[in-house]
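# Fold and contact review
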Amino acid sequence: MPTGKLLTVRSAADVFLDSFASPSTARSYGIAVGRAAERLGEARPLASVLDDEIGEALELLWGAAAVNTWNARRAAVLSWLSWCGDRGFDGPAVPAWAKRRTVPDSNTPARSRIAIDRLIGRREIHLRERTLWWMLYETAARAEEILSVNIEDLDLPGRCGSVRANSARQDFVLETVHWGAGTASLLSRLLTGRTRGPVFVTHRRAGPGKLVNPRDICPDTELTRLSYGRARALLDEHTSVSGPGTGWDLHEWRHSSLSHLGEAGASLSELKAKSRHRSIQNVRRYFKSAPEAISGAAGPLASGDGH
């Protein structure tokens, strides 16, 4: 049995799943562990996998899934890696920012506009992060969509751009998102001297021998695209109050944006258009009927003679 740095991702998954006496339990855990192993690269040494890569794999595979699905898959991967660590195998852990989720409901609080303005206005935070956060808030787009945008996808004068949205019918479809003056101002500063490549890039080049999609590299600077995991860790770093994993999540920008639009009186159709949800039911939680609108709607129902 290979040990330590010689243990591959695939062999680590196999020996973990083989440890279960119940075939049904092994199959249940195998769904999450098997897909995670494929995403990470089965032939890689387990010791070469970083914590953030585990988090990114979870997000890419189940980030958009139901809360219970996310929690179940995360728990399975956590058990796998903990099992390996307990037996002395070198390997990663589930990062603090890829935390267990609570079931959302209509009473889930959104971040206040004051808190958002205060965070984005902090000058010690890098321009890249402040631009990303403001863009997420003003577009109400999913974080993975905005992080995947290239400069060529932007219409800067029109304050809009094309994002690659997931589709049940194909790999992705192009959809348009719109932003306001805050994002426009920050973008113009962030993109100074650059006309192509990823909008949001890291501060380093790809390591030697690492295969990277040409779309994910800035052709002028050779800097690589900022990953979801790194973006989420940076947000957590700047907002945590009780240690890693206690800060804001990237999806909270979208939730806060739609909540504020609903509070401002946006209609269901306007909320659906902004969020680009397929079903009106998915945005109903953000809809808030103004008291005067409800009062006015009773007019057509009133009889003319008072009976």
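Keep in mind that what you see is a predicted model, and the values were worked out from it rather than measured.

## Details of the overall build of the protein chain
Each helix and strand counted, the protein chain has 12 helices and five strands in total. Within the protein chain, the fraction of its 307 residues that count as buried is 41%. For the protein chain, restricting intrachain contacts to residue pairs at least 6 apart in sequence, the fraction spanning at least 24 positions comes to 61%. Element-wise, carbon and sulfur atoms account for 53% of the exposed surface of the protein chain, whose accessible area totals about 16,500 Å².

## Re the packing of helix α2 (residues 23-40) against helix α3 (residues 51-62)
Contact geometry for α2 and α3: axes closest at 10 Å, N-to-C directions at 115°. Considering their axes alone, α2 and α3 lie roughly perpendicular with respect to each other. Relative to α3, α2 is oriented so that their crossing is right-handed. Of the residues in α3, those in contact with Ile31, Ala32, Arg35, Ala36, Arg39 and Leu40 of α2 are Glu53, Ile54, Ala57, Leu60, Leu61 and Trp62. Split into classes, the residues belonging to the contact of α2 with α3 amount to nine nonpolar, no polar and three charged.

## Quick look at the confidence of the model for the protein chain
When pLDDT is low, close inspection of the predicted coordinates is not appropriate. Chain-level statistics for the protein chain give a pLDDT mean of 83 and a share of 86% at 70 or above. With pLDDT under 50 throughout, residues 292-307 is counted as low confidence; its partners more than four residues away or in other chains account for one contact.

## Overview of the sheet that holds strand β2 (residues 160-165)
Spatially, the three strands line up as an open sheet ordered β1-β2-β3, and their pairing is antiparallel. Only two strands of the sheet have a single partner each, and these edge strands are β1 (154-155) and β3 (173-178). Summarising the sheet, β1 and β2 pair through two bridges and their orientation is antiparallel. Each residue of the ladder has a partner; that of Asp155, found in β2, is Cys160.

## Thoughts on the nonpolar core
Core analysis: the biggest nonpolar cluster contains 34 residues, and Leu132, Trp133, Ile146, Val199, Phe200, Leu250 and Trp253 have the highest contact counts within it. With seven residues, helix α6 (residues 127-139) is the largest single contributor of residues to this core. Dropping the residues within four chain positions of it, Leu132 is found in contact with Ile146, Leu147, Phe200, Leu226 and Ala231. One finds Ala13, Phe16, Leu46 and Ala57 within the second-largest nonpolar core, a separate group that totals 30 residues.

## Thoughts on the pattern of salt bridges
For the coordinates displayed, the defined rule picks out 16 salt bridges. Residue Glu124 is joined to Arg122 by a salt bridge in which the shortest nitrogen-to-oxygen separation is 2.8 Å. Given a relative accessible area of 27%, Arg122 falls into the partly exposed group. Its salt-bridge partner being Arg196, residue Asp220 comes within 3.0 Å of it at the nearest N-O pair. Remark: Arg196 occurs in the loop between α8 (181-190) and β4 (201-205) and Asp220 occurs in the loop between β4 and β5 (223-225); sequence separation between them is 24 residues. Owing to a relative accessible area of 39%, Arg196 belongs among the partly exposed residues under this scheme. By sharing partners, the salt bridges in this structure join Arg142, Glu145, Glu175, Arg276 and Arg278 into a single network.

## Quick look at the packing of aromatic side chains
One pair of aromatic rings is described through two measures. These are the centre distance and the angle between the planes. Under the defined criterion, the tally for this structure stands at seven aromatic pairs. Considering the side-chain rings of Phe16 and Tyr29, the 5.9 Å spacing of their centres and the 75° angle between planes classify their relative orientation as edge-to-face. With a gap of 13 residues between them, Phe16 in helix α1 (residues 9-17) and Tyr29 in helix α2 connect regions that are remote in the sequence. Among the aromatic side chains, those forming a connected cluster through ring pairs are Phe16, Phe20, Tyr29 and Trp83.

## Some points on α3
Taking 1.5 Å per residue as the helical rise, α3 with its 12 residues ought to reach 16 Å, and the 17 Å between its terminal C-alpha atoms agrees with that figure. Ile54, Gly55, Ala57, Leu58, Glu59, Leu61 and Trp62 are the residues of α3 that are buried. Those residues of α3 that are buried are in contact with α2, α4 (67-86) and α9 (228-239).

The rules we used
- Residues numbered from 1 in each chain as written.
- Predicted model: local features only at pLDDT ≥ 70, side-chain atom pairs only at ≥ 80, totals over all residues.
- Heavy atoms only, no water.
- Helix = DSSP H or I, 4+ residues; strand = E, 2+ residues; numbered from the N terminus.
- Buried < 20%, exposed > 50% of the residue type's maximum accessible area, 1.4 Å probe, protein only.
- Contact = heavy atoms within 4.5 Å.
- Areas by Shrake-Rupley, 256 points an atom, 1.4 Å probe, with all protein chains shown as cover.
- Axes fitted to C-alpha atoms, helices over the stretch in contact; angles between N-to-C directions.
- Parallel < 35°, antiparallel > 145°, perpendicular 65-115°, else oblique.
- Left-handed = near helix turned anticlockwise from the far one by under 90°.
- Nonpolar A, V, L, I, M, F, W, Y, C, P; charged D, E, K, R; others polar.
- pLDDT = per-residue confidence, 0-100.
- Pairing = 2+ DSSP bridges.
- Core = buried A, V, L, I, M, F, W, Y, C linked by side-chain atoms within 4.5 Å.
- Salt bridge = Lys/Arg side-chain N within 4 Å of Asp/Glu carboxyl O.
- Phe/Tyr/Trp six-rings, centres within 6.5 Å; stacked < 30°, edge-to-face > 60°.
- Expected span 1.5 Å × (residues − 1).

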